[in-house]
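Notes for the structure review
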Amino acid sequence: MKKIKRKIKTVLILLLSIIIFVTGFALIDRRMRTVICDYCASVGETVMIHTVDKEISEIFYEEALEYDDLVKICRDENGQVTSLEVSAAKMNFIKSQISVRVAEEIDARERYELSIPIGTIIGNEYTIGRGPEIKFKMQITTTIIADFESKFYSAGINQVLHQIHIKVKMNGQTVVPWYRSTFNAETDVIAAQTVIVGMTPDAYTNVIEAGTDATQDIFDFGAGG
């Protein structure tokens, strides 16, 4: 009976040790997964935004693109602006170049070497950034969607600032040994801008609204009578 009890005790101790080990490993793995995935997603987002911004700048520099290459301002015989004609061919070319060149830039770097201090993985506020570093290699895969957007801002009585923005949305994934994470990022780059000047009016009215009762002060400039 003593031998049986001893064997049962040994088995129970072994099972308890296994349970403690598995539970501890699961908790550590869960903590590491969260930290590593969040860190990789942050790095992936930063890398993609930097790459997109750099490639857009290089495309416009190499192609010597200016506002007039993208938009033609049409005026009538009196000099009034009648329309803005957008060069769809140029814009489609730029969007295509952005997608191709960003993909080539990412593919050219098969691995990104990263490291995280053990203190950061532990997650204690006193240990963040401390201790030996765990080094690993990361891969990035991504798809991007680039599009143009026009924005108009008042720049004076008869002036309008027209900006052409390139908005790029990125859906990516980072892969490291045993873990993977996803990220979404956006960047907005001003591609070109100009001030469109129209006819100067003979008179204009400046209306200033103030106070909770919406009282208004009206000033007329250049108005006759």
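In this report, we go over the structure that sits alongside the text. (Residues numbered from 1 in each chain as written. Predicted model: local features only at pLDDT ≥ 70, side-chain atom pairs only at ≥ 80, totals over all residues. Heavy atoms only, no water.)

The next point concerns the nonpolar core. Counting 43 residues, the largest nonpolar core has Ile98 and Ile166 as the members making the most contacts within it. When neighbours within four sequence positions are excluded, Ile98 is seen to be in contact with Ile56, Ile59, Ile144, Ala146 and Ile166. (Core = buried A, V, L, I, M, F, W, Y, C linked by side-chain atoms within 4.5 Å. Buried < 20%, exposed > 50% of the residue type's maximum accessible area, 1.4 Å probe, protein only. Contact = heavy atoms within 4.5 Å.)

Moving on: the environment of Ala103. Relative to the helices and strands, Ala103 resides in helix α3 (residues 88-108). Here Ala103 falls in the partly exposed class, since its relative accessible area comes to 36%. Taking the C-alpha atoms as reference points, Ala103 and Met48, separated by 55 residues in sequence, lie 9.9 Å from one another. (Helix = DSSP H or I, 4+ residues; strand = E, 2+ residues; numbered from the N terminus.)

On to the pattern of salt bridges. Counting across every chain of the model gives 9 salt bridges. Glu58 is paired through a salt bridge with Arg101; the nearest N and O atoms lie 3.3 Å apart. Of this pair, Glu58 sits in helix α1 (residues 2-62) while Arg101 is found in helix α3, placing the two residues 43 residues apart along the sequence. For Lys95, the salt bridge is made with Asp147, and the minimal N-O distance between the two is 3.8 Å. One end of the pair, Lys95, is in helix α3; the other, Asp147, is in strand β4 (residues 133-154), and 52 residues separate them in sequence. You can call Asp147 partly exposed: its relative accessible area is 42%. Linked through salt bridges whose partners overlap, the residues forming this network are Lys54, Glu55, Glu58, Glu62, Arg101 and Glu105. (Salt bridge = Lys/Arg side-chain N within 4 Å of Asp/Glu carboxyl O.)

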